[in-house]
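Descriptive analysis of the structure
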Amino acid sequence: MLHITRSSECDPYREDVDAYRAALETWLATRPPVFEAAARPIASYEQRVAVSCALMQVLFDQDWARYGWPEHLGGLGGDIRHRAAMWEALARHGLPAMALFEHLEILAPTLVALGDPGLIGQLLPRFLRGEQLWSQGFSEPEAGSDLASARTRAVAVDGGHVITGRKIWTSWARYARWCLVLARTGTPQERHRGLSAFVVDLTHPGVEVRPIEQANGTDELAEVTFDEVPVGPERLVGELGGGWRVAMHILAHERGTFGWYRHSFLNRQLLENREQGTPAGDALLGNALLDLAAVRAASGAAVRAHAAGGTLGPRAAFVKLMLAASEQAVNDWTLASVPDLAVAPNDDHTAVCRQDYLFSRIVTVYGGSQQMQLDTIAKQILRLP
Amino acid sequence: MTRGGDVGDLQEQADQEFLDAACLALRAQADASPDGAGAGDAAVGGAVDDAPGTRSDPLRELGWFDLLPELGDRDARVAALTLFRAQGRELAGTRALGALLAQPFLAAAGLPPDAAVATISRTSARQGKRLMVVGDVADPAGAIGMAGTALLIDRPGHGAAVVPADEIELWPVAVSGRLELHEVIHGPADWVPTVDEEHAAVARARARFLGRLAAALEILGAAEGALALAVAYARTREQFGRPIGTFQAVRHLLAWAQTDCVALEKVTTAAAALDGVQAAPPRHDEVVKALAGRNGRRVCERALQVLGGIGFTSEHTHHHFHSRVLALDALLGTSAELTHGLGAWLREADDDTTASALWTAPRLPLLPSKS
Ligand SMILES: Cc1cc2nc3c(=O)[nH]c(=O)nc-3n(C[C@H](O)[C@H](O)[C@H](O)COP(=O)(O)OP(=O)(O)OC[C@H]3O[C@@H](n4cnc5c(N)ncnc54)[C@H](O)[C@@H]3O)c2cc1C
């Protein structure tokens, strides 16, 4: 697949985020069928993936999804504010979730910054178009919060490395073609200094992906095993032994700017379920509104910092904590408001509410647990002894 | 990128500088006051003892009143509002809240910004509607150079009036928190509105937005003050042979408190950058004030837990911060009633209103657009 990069001198949208947003909203207001299909509540995760990919394909083909990504990697230029504006517009117009395109904002910025330009230039457009999706292989059965103890090995051979090991809780691996794997290229004693990051093709012989059925009834998670899977030198992301830096770059997005994207979909959830609210839930609803306002202000500042070329550093932990609190607050209210959520989740809408509610109880675990975020703040910001 | 890890831009730096300057000016005033304990304590006991002109007026020293006619300008507005955060941190007690609340009315009447201080109406469960005034207005001896301050009284439905000091009785209310509070007694018989209801209605909405934002910032400052005490204590207080700040349970209490402060800081600073109530999403002032009350109380509670018994003494400063948060939460709408009210409103509002409340006006915190 080949995309012709347009003559870039005078692209009005690239220079002007407001004009871009306005044009996108005008298009969304026509309610394109592919958008309508993705905006409906669908209990089956597999179907949700299908409609999301179909939508991304159209967003890419009509150029909307290409803004905010570098031109030499298949984008149309601009910066994170274009992406922030795009997902906000989609949520405002009724899209319920980013689903597995969350990795566009968690993984892709790091691939762009630290990956091999030849490789990423090929793969990013396929990701943006919903053709080839991604997953993140950090956690292992024995390495959860203590990520630096990861054991999956990457052994140097002629022409690259060979990877062997086991990853778990790999979101969307079932649907993904690619996985960014954190593997040990040094010794276990070197801890975080002995890790490197590689792009692995999940369809390669030696890779096995086993879905894990989740407690909320969806099956996003998977266990992935690698048995002597070869990767070429272009598959290394960052430097050899620089895997920790890659992981931190990714987690900084997962904790900071990601709040911007996710809170917009929480707003959507709240808006959709509003009619079912009763006066008994008003305090919970008001409380959710306060938490959402906090995430919006804090993650908005993160997006702005990012657009200006900075990062939040350890302060991303604040956004992560606020985001989790708001997701739980919204769902506390959902539980109080949606009848039958706990006892008879039969129709698609109720089933999705139940999935969301249960998922909101685990958001304090992934991307670095709540305890790890609090530890970061205590140590790096409050500088406690 | 060289700025690595720092979100601060030039704008934020300038705002920070004003905050520091305001803290210094307020601290200087507290140090200069007779018992060195800050204006609040002195006033409840005996500000009347001050000789005329002996107390300097930090609001004038900071040029704060000059900012009030310029609230349409982003920098002036942010500077004017930042004073309140400093006031919370320093436990200072000026009449700034009432002066800010009065500003839209005074402007409508063509009066200068220091012509009057607005009263705040409050519904007492036992006594019904009461009028309160915050800060150093009771200054009969003219110690800070004001020979009695005129008060602005707003009566929704009947306009607002500037009432001269001699038509008013002030009763001190004893609250902790180094906060000067007075109940205002003024007979309704001689009511002559200075601003008629039509104009007062517009001024009222503006004033309420500004006042809630200011109170929220003062709560933020007080919460930050309480947290700073607890963090310092956790570093030095030892139990089991080590500083209590090495225990994860204590560390996490402080980290949560810091998170609540940061949340409130982000929301208040984003709201201060908005050009008043017209530019804000619907009922945003209520969101800001409710968040302030909720987070402010949580911060003080966590700080108290870390301080242990010593934090519960009248001698320790914690209770001043805590009481100030509670008092400010009780004015201009409590967190409990606002939160409940916002929920009820959101449940019944139409989709467009709800959407604009949720996707709030930093409809672009992302701006300014690159040029
Ligand atoms: C929905 C979901 C999606 C995920 N997606 C991915 C993914 O795509 N890719 C990926 O690599 N991983 C993913 N993860 C894994 C996630 O990153 C880990 O679950 C997380 O790092 C915690 O590891 P653990 O589950 O092994 O828990 P553990 O580390 O065993 O922790 C269990 C509990 O102990 C606490 N704890 C641990 N150590 C300490 C300590 N020192 N002090 C105080 N408390 C402590 C933790 O906070 C937690 O509450 C996902 C997880 C979930 C739930």
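Predicted model only: the values in this text are computed from it and were never measured.

1. Observations concerning the site of the ligand
Near the ligand lie 17 residues; those nearest to it are Gln 136, Ser 139, Ser 145, Trp 169 and Ser 369 of chain A. Around the ligand, the nearby residues trace back to chains A and B. Between the ligand and the protein, one listed contact pairs a nitrogen atom with a backbone N or O atom of Trp 169 of chain A at 3.0 Å. In this structure, an oxygen atom belonging to the ligand sits 2.8 Å away from a side-chain N or O atom of Gln 371 of chain A. For the ligand, whose free accessible area comes to 970 Å², the fraction covered by protein is 66%. When residues of the shell around the ligand are sorted by domain, at least three fall in each of domain 2 (135–243) and domain 3 (244–381) of chain A.

2. Observations concerning the confidence of the model for chain B
Residues and elements named next belong to chain B. The share of residues in chain B with pLDDT of 70 or more is 85%, and the mean pLDDT across the chain is 86. When the criterion is pLDDT under 50, residues 1–8 qualifies, and its contacts beyond four places in sequence or with other chains add up to 16 contacts. Low pLDDT, under 50, characterises residues 35–49; the predicted model gives this stretch 21 contacts beyond four residues in sequence or across chains. In the predicted complex, the global pTM is 0.93; the interface-specific ipTM is 0.94.

3. With respect to helix 10 (residues 284–307) of chain B
Structural remark: α-helix, 3.6 residues per turn; residues separated by three or four positions point the same way. Residues and elements named next belong to chain B. Between its terminal C-alpha atoms helix 10 stretches 34 Å, which fits the 34 Å expected from 24 residues at 1.5 Å a residue. Of all the 24 residues making up helix 10, 18 are buried; the element is thus mostly covered by neighbouring parts of the structure. Gly 308 sits one or two positions beyond helix 10 and adopts a positive phi of about 65°.

4. Considerations on the domain arrangement of chain A
Residue and element names in this part refer to chain A. The domain boundaries assigned to chain A delineate domain 1 (17–133), domain 2 (135–243) and domain 3 (244–381). Placing the centre of domain 1 and that of domain 3 at their C-alpha centroids yields a distance of 20 Å. The interface of domain 1 with domain 3 comprises 27 residues on the first partner and 23 residues on the second. Of the roughly 2300 Å² buried between domain 1 and domain 3 on both sides combined, carbon and sulfur atoms contribute 66%. Linking domain 1 to domain 3 there are two salt bridges. In this structure, the salt-bridge partner of Arg 262 is Glu 102, at a minimum N-O distance of 2.5 Å. Elements represented by at least two residues in the side of domain 1 that touches domain 3 include exactly helix 5 (80–92), helix 6 (103–106) and helix 7 (108–114). For the side of domain 1 that touches domain 3, the element with the highest residue contribution is helix 5, accounting for eight residues.

Scoring rules and cut-offs
- Residues numbered from 1 in each chain as written.
- Chains lettered and ligands numbered in written order.
- Predicted model: local features only at pLDDT ≥ 70, side-chain atom pairs only at ≥ 80, totals over all residues.
- Heavy atoms only, no water.
- Near = heavy atom within 4 Å.
- Polar contact = N/O pair within 3.5 Å; in protein donor to acceptor, adjacent residues only side chain to side chain.
- Areas by Shrake-Rupley, 256 points an atom, 1.4 Å probe, with all protein chains shown as cover.
- Domains from an automatic or database assignment.
- pLDDT = per-residue confidence, 0-100.
- Contact = heavy atoms within 4.5 Å.
- Helix = DSSP H or I, 4+ residues; strand = E, 2+ residues; numbered from the N terminus.
- Expected span 1.5 Å × (residues − 1).
- Buried < 20%, exposed > 50% of the residue type's maximum accessible area, 1.4 Å probe, protein only.
- Buried area = accessible area lost by both parts, 1.4 Å probe.
- Salt bridge = Lys/Arg side-chain N within 4 Å of Asp/Glu carboxyl O.

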